[in-house]
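# Structural description and commentary
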Amino acid sequence: MKILRVALDVPLDTLFDYSAADQGEIAIGDRVLVSFGRRQMVGVVAEITDHSNLAPGRIKPVLQVFRDSPPLSGEIFRLLRFCADYYHHPLGEVVLNALPVPLRQTKPVARAKPTGYHLTETGLALETDTLPARAIVKRKLLQSLKQAGTLLRSDIAAISPSAPQAIKEFIARGWAEESEEIAEPAPTPAKADDLPPLTPPQEQAVTAILSGQDHFQVWLLYGITGSGKTEVYLRVIAQVLQHGGQALVLVPEINLTPQLESRFRARFPDTCQVSLHSRLSAGERLRNWSLAQSGRARIVLGTRLALFTPMPKLKLIVVDEEHDGSFKQQDGLRYSARDMAVARGKQAGTPVILGSATPALETWYNAGIGRYQKLELPARAIAEAALPAIHCIDISRAKLADGLSDSLIDALRARLERGEQSLIFINRRGYAPVMRCAQCGWVSTCHRCSSRLVVHLREKRLRCHHCGHESRIPPTCPDCGNADLAPLGQGTQRLEDNLGSLFPSARILRVDRDSTKRKQALPEMLERIHAAEVDIVIGTQLLAKGHDFKKLTLVGVVNADGALYSADFRASERLFAQLMQVSGRAGRDALPGIVLIQTQFPTHPLFQALIKHDYPGFAETLLTERKQAEFPPFCHQALLRAEAPQMETALAFLRKAQGVVPQDFDVNLFDPVPAQMTRLAGMERAHLLVQAASRGALQAFLSAWNKALFGLGGNVRWSLDVDPLEF
Ligand code: ADP
Ligand code: ZN
Ligand code: ZN
């Protein structure tokens with residue numbers, strides 16, 4: 001009898017046996033409907049054998065084999081299996097969660113709805129010049145449709161926030177139609193003579209990567225912001241496309257995809273390119289995923305979830321801003337898309353490019369020992385664009401007006417007078433980080449988390465940024481009844497108010513999670529900044545990355561000191577990367593840029609390195625510290641995390657876990673401790689750290705231990721976090 005071993009989305013580390021019955025051809029990677037307990041579930045066939053440990057009478061037949069989508073390829077299955085093994089996570093959960101949502105449902109997917117658009121005869125005959133010059137978006141849309149033949153709905157949204165409206169108008173006028181079929185345009189590589197000549201370091205990088213085009217090699221493309229890393233990706237991708245291959249490009253943030261998408265589309269107008277990220281609808285995601293799976297989409301651009309996209313002709317993986325923490329998923333399967341990209345490249349035998357101005361220390365270390373090859377772009381690509389000058393403003397002495405020093409205010413005024421843009425970077429949204437009673441010292445805290453409630457003055461609310469809990473701002477102090485409660489510290493809203501009264505005629509724009517809630521809000525804001533309709537931008541980390549604002553010449557950092565003396569050993573690495581990143585927004589074009597950082601500790605080594613733009617020096621300092629402390633990358637870590645309503649329950653579980661530690665493994669176990677964020681959404685959190693000198697030893701230990709942990713029971717939620725970033 002043919003036995004199908006099926007992966008199901010259940011938290012059990014095992015496959016489940018079913019018989020094939022008479023369902024016709026079945027392949028590994030096929031989706032099947034099975035009955036599991038009293039439910040029906042979708043599973044994926046992981047193995048096919050002819051025996052089972054179950055008694056024949058207990059083996060149920062599969063109920064249905066879905067024929068709506070091709071089976072998951074062996075390539076992607078191998079990657080998912082590796083991922084499940086590496087993170088010690090049940091294979092079924094890994095596999096099912098890698099599928100687009102419609103493919104996880106117990107019904108076959110209906111044919112995808114028409115979301116492609118193409119020009120009609122009338123539309124094709126239309127000359128761009130006959131549209132009014134003001135109709136920039138319509139002109140762009142017409143141009144793009146002519147070039148691409150067919151555009152997906154998401155492609156159109158990427159052109160401009162108002163392009164979806166414009167396409168409706170095109171349809172109404174009979175210029176365009178919806179279509180179900182995506183015509184595959186003939187690949188015509190970009191004309192080489194239109195492109196700017198590469199700088200010598202770019203040339204070297206491209207040549208090196210292309211010389212190893214058909215085998216696995218990790219390239220660290222280390223280049224300051226604006227040094228032309230993206231141009232390097234584009235040149236390498238051009239070759240990949242010419243050889244009929246597919247390229248996967250991962251970026252840390254959804255907000256970076258539209259801009260990169262349009263840059264790619266401009267370079268490869270005739271290439272089918274899709275994006276994958278969580279802001280797409282389930283249908284769009286399925287469609288894009290399927291286009292990649294069939295090999296038709298040649299460029300896949302996306303956030304970490306795009307890593308698991310089946311790509312039969314994969315020939316290149318790019319991880320841009322590889323150091324970014326958002327490549328690591330912080331719940332469920334806690335995988336690092338950067339690390340798994342390397343694993344995928346190894347399995348597929350393709351080059352992997354990790355690009356960054358401030359590589360993760362682990363990556364820097366790997367390049368140092370020769371495991372990765374380092375390629376360096378030491379200068380900005382545009383000759384006139386010098387690196388910004390970075391200065392610290394010592395606020396331990398200077399008097400601050402509403403959180404702003406005189407020097408920063410003067411610099412802002414000078415920009416306003418010259419008609420240049422400024423960005424004030426502050427990583428706290430809301431009005432102020434906390435509400436405080438000056439009389440008794442009460443501060444607003446979240447009762448569900450170990451965190452403070454942030455003041456949102458406009459909405460008159462206190463909000464927890466961790467669990468979402470909200471309450472009214474109390475009229476008087478809950479502890480002593482004092483009526484003089486005051487917001488303490490600076491947030492984006494307060495800064496917006498202060499700057500507004502300092503510079504009443506300036507056009508000020510606040511860009512944070514609150515002001516960009518509406519789907520198209522951020523793209524619209526970015527457009528306004530690019531169009532120079534804004535004088536001062538107040539931005540959180542949302543704005544720190546990637547964006548290329550030509551008129552921006554001043555970056556002010558209001559207060560970054562919190563991370564300097566943090567208990568988290570990665571805090572200063574992150575702060576350095578963030579400040580380097582945000583500094584990189586200044587002076588991207590011919591206008592010279594300047595960065596002013598307000599700090600109480602101007603002589604701190606971090607700032608000293610930053611002023612000199614000396615990432616290698618700072619990385620060296622950090623690596624020396626890590627080596628002395630035996631922290632990663634000089635050891636390998638895993639955390640056993642436990643959560644329970646009571647701290648004692650969580651700790652007790654971890655102590656039990658200590659008791660079932662298998663013998664004879666070369667690992668170090670630490671005692672259970674409460675997590676840094678001790679309480680989150682009403683759950684108490686604790687963890688136990690495991691460390692080993694070698695990855696192999698850690699992995700062998702975790703495999704054995706993981707099995708024992710499943711037997712422990714107890715009323716806790718627990719999980720293993722391999723290579724944890726948060727403690
Ligand atoms: P990064 O990805 O490192 O931030 P980009 O590739 O975005 O850098 O390049 C920064 C700017 O320099 C862009 O405006 C880009 O068009 C331009 N640029 C890149 N390479 C060259 C080159 N070889 N010649 C002229 N301009 C270039
Ligand atoms: Zn009080
Ligand atoms: Zn909370």
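Keep in mind that what you see is a predicted model, and the values were worked out from it rather than measured.

Surrounding ligand 1, one finds 19 residues, the nearest of these being Pro 197, Gln 202, Lys 229, Thr 230 and Arg 263. With respect to ligand 1, the side chain of Gln 202 contributes an N or O atom lying 2.8 Å from a nitrogen atom. Lys 229 has a polar backbone atom sitting 2.8 Å from an oxygen atom of ligand 1. Coverage of ligand 1 by the protein chains reaches 80% of its 550 Å² of free accessible surface. It is helix α8 (residues 229-242) that provides the largest number of residues to the shell around ligand 1, a total of three residues. Class assignment of the residues belonging to the shell around ligand 1 gives a composition of six nonpolar, seven polar and six charged.

Tracing the backbone through its elements, the reader meets Ser 69 in the loop between β6 (64-65) and α1 (74-87). If near-sequence neighbours (up to four positions away) are discounted, Ser 69 is found in contact with Arg 31, Leu 103, Trp 289 and Gln 293.

Turning our attention to the UniProt feature "domain: Helicase ATP-binding" (unreviewed entry) in the chain. The UniProt entry lists residues 210-377 under the feature "domain: Helicase ATP-binding" (unreviewed entry), expressed in the numbering used here. With 35% helix and 23% strand, the stretch residues 210-377 has end C-alpha atoms that lie 17 Å from each other.

As a further point, take the sheet that holds strand β20 (residues 421-425). Two strands in a sheet stick together by hydrogen bonds in their backbones, pointing the same way (parallel) or opposite ways (antiparallel). Read across the open sheet, the six strands follow the order β17-β29-β28-β20-β27-β26; overall the sheet is parallel. The strands lining the two open edges of the sheet, one partner per strand, are β17 (389-394) and β26 (508-511). Averaged over all pairs of adjacent strands, the angle between their axes in this sheet comes to 20°, without regard to strand direction. By the bridge criterion, four bridges tie strand β28 (residues 552-557) to strand β29 (residues 594-599) in an arrangement that is parallel. The residue of β29 that forms the bridge with Val 555 is Val 595. Across the sheet, helix α15 (residues 521-530) is in contact with β20, β26 and β27 (536-539); its angle to β26 comes to roughly 145°.

Time to look at the sheet that holds strand β2 (residues 16-19). As summarised here, the arrangement of the six strands in space is β5-β2-β1-β4-β3-β6, forming an open sheet in which the pairing is mixed. With partners counted over all chains shown, the strands left at the sheet margins are β5 (60-61) and β6, one partner each. Two strands pair when backbone bridges link them, and strand β3 (residues 31-36) and strand β4 (residues 39-49) are joined in this way by six bridges, in the antiparallel orientation. Of the residues in β4, the one forming a bridge with Arg 31 is Val 44.

All right, on to the packing of α1 against helix α11 (residues 337-348) then. At a closest axis distance of 10 Å, the pairing of α1 and α11 adopts a crossing angle of 135°. Considered as vectors, α1 and α11 are oriented oblique to each other. Our pair here, α1 against α11, has a crossing hand that is right-handed. Along the contact surface, α1 presents Glu 75, Ile 76, Arg 78, Leu 79, Phe 82, Cys 83, Tyr 86 and Tyr 87, while α11 presents Asp 339, Met 340, Ala 343, Arg 344, Gln 347 and Ala 348.

Distances from the zinc ion (ligand 2) to its protein donors, Cys 437 (SG), Cys 440 (SG), Cys 477 (SG) and Cys 480 (SG), fall at 2.3 to 2.4 Å. Considering all four donor atoms around the zinc ion (ligand 2), the spread of angles at the metal, 106 to 114°, places the coordination shape in the tetrahedral class. Summarised as a motif, the one-chain spacing of the donors to the zinc ion (ligand 2) is C-x2-C-x36-C-x2-C. Overall, Cys 480 belongs to the partly exposed group, its relative accessible area being 38%.

Here the focus is the UniProt feature "binding site: Zn(2+) 1" (unreviewed entry) in the chain. Mapped onto this structure's residue numbering, the UniProt feature "binding site: Zn(2+) 1" (unreviewed entry) falls at Cys 437, Cys 440, Cys 477 and Cys 480. The named residues occupy 44 residues along the chain; their greatest pairwise C-alpha distance, 8.6 Å, places them in one compact cluster. Along the chain, the position of Cys 437 falls in strand β21 (residues 434-437). Relative accessible area serves as the criterion here: at 0%, Cys 437 is assigned to the buried category. Those residues in contact with Cys 437, other than ones at most four positions away along the chain, are Trp 442, Cys 477, Cys 480, Asn 482 and Leu 485. In this structure, Cys 480 is in contact with Cys 437, Gln 439 and Cys 440, ignoring residues within four places of it in sequence.

Calculation rules
Per chain, the residues get numbers from 1 upward, laid out in the order the sequence is written. Here the convention is simple: chains get letters from A, ligands get numbers from 1, in the order in which they are written. This being a predicted model, a pLDDT of at least 70 is required before a residue's local features are given, and a value of 80 or more before pairs of side-chain atoms are given or counted; all residues contribute to the totals for chains, interfaces and linings. In computing side-chain properties, one takes all heavy atoms of the structure into account and sets aside hydrogens as well as water. The nearness test applies per residue and asks whether one of its heavy atoms lies within 4 Å of the molecule or strand. Counting of polar contacts relies on pairs of N or O atoms within 3.5 Å, with two restrictions inside protein: one atom must be capable of donating a hydrogen and the other of accepting it, and residues adjacent in sequence are counted only when both atoms are side-chain atoms. Methods summary: accessible areas were calculated by the Shrake-Rupley approach with a probe of 1.4 Å, and residue burial reflects only the protein chains presented. Here a helix means four or more residues in a row that DSSP labels H or I, a strand means two or more in a row labelled E, and each is numbered from the N terminus. Amino acids are sorted into nonpolar (Ala, Val, Leu, Ile, Met, Phe, Trp, Tyr, Cys and Pro), charged (Asp, Glu, Lys and Arg) and polar (every other residue, Gly among them). Should any heavy atoms of two residues lie within 4.5 Å, those residues are considered in contact. UniProt positions are given in the numbering used here, feature names are shortened, and annotations may be inferred rather than shown by experiment. Paired strands, as defined in this entry, are two strands with at least two bridges between them according to DSSP. The axes used here are C-alpha line fits, helices contributing only the stretch in contact, and every angle between their N-to-C directions lies in the interval 0 to 180 degrees. We call two directions roughly parallel when the angle between them is under 35 degrees, roughly antiparallel when it is over 145, roughly perpendicular when it lies between 65 and 115, and oblique otherwise. Handedness of each helix crossing follows the sense of rotation of the near helix against the far helix: counterclockwise by less than a right angle gives left-handed, clockwise gives right-handed. The rule for donors is simple: an N, O or S atom within 2.8 Å of the metal counts, and for Na, K and Ca the reach is 3.2 Å. Water is not among the atoms, so a site may look short of donors. Key to geometry: four donors with every angle between 85 and 135 degrees are tetrahedral; four donors are square planar and six octahedral where opposite donors lie over 155 degrees apart and all remaining angles lie between 65 and 115; all other sites are irregular. Exposure classes here rest on a 1.4 Å probe applied to the protein chains alone. A residue is buried below 20% of its type maximum, exposed above 50%, and partly exposed in between.

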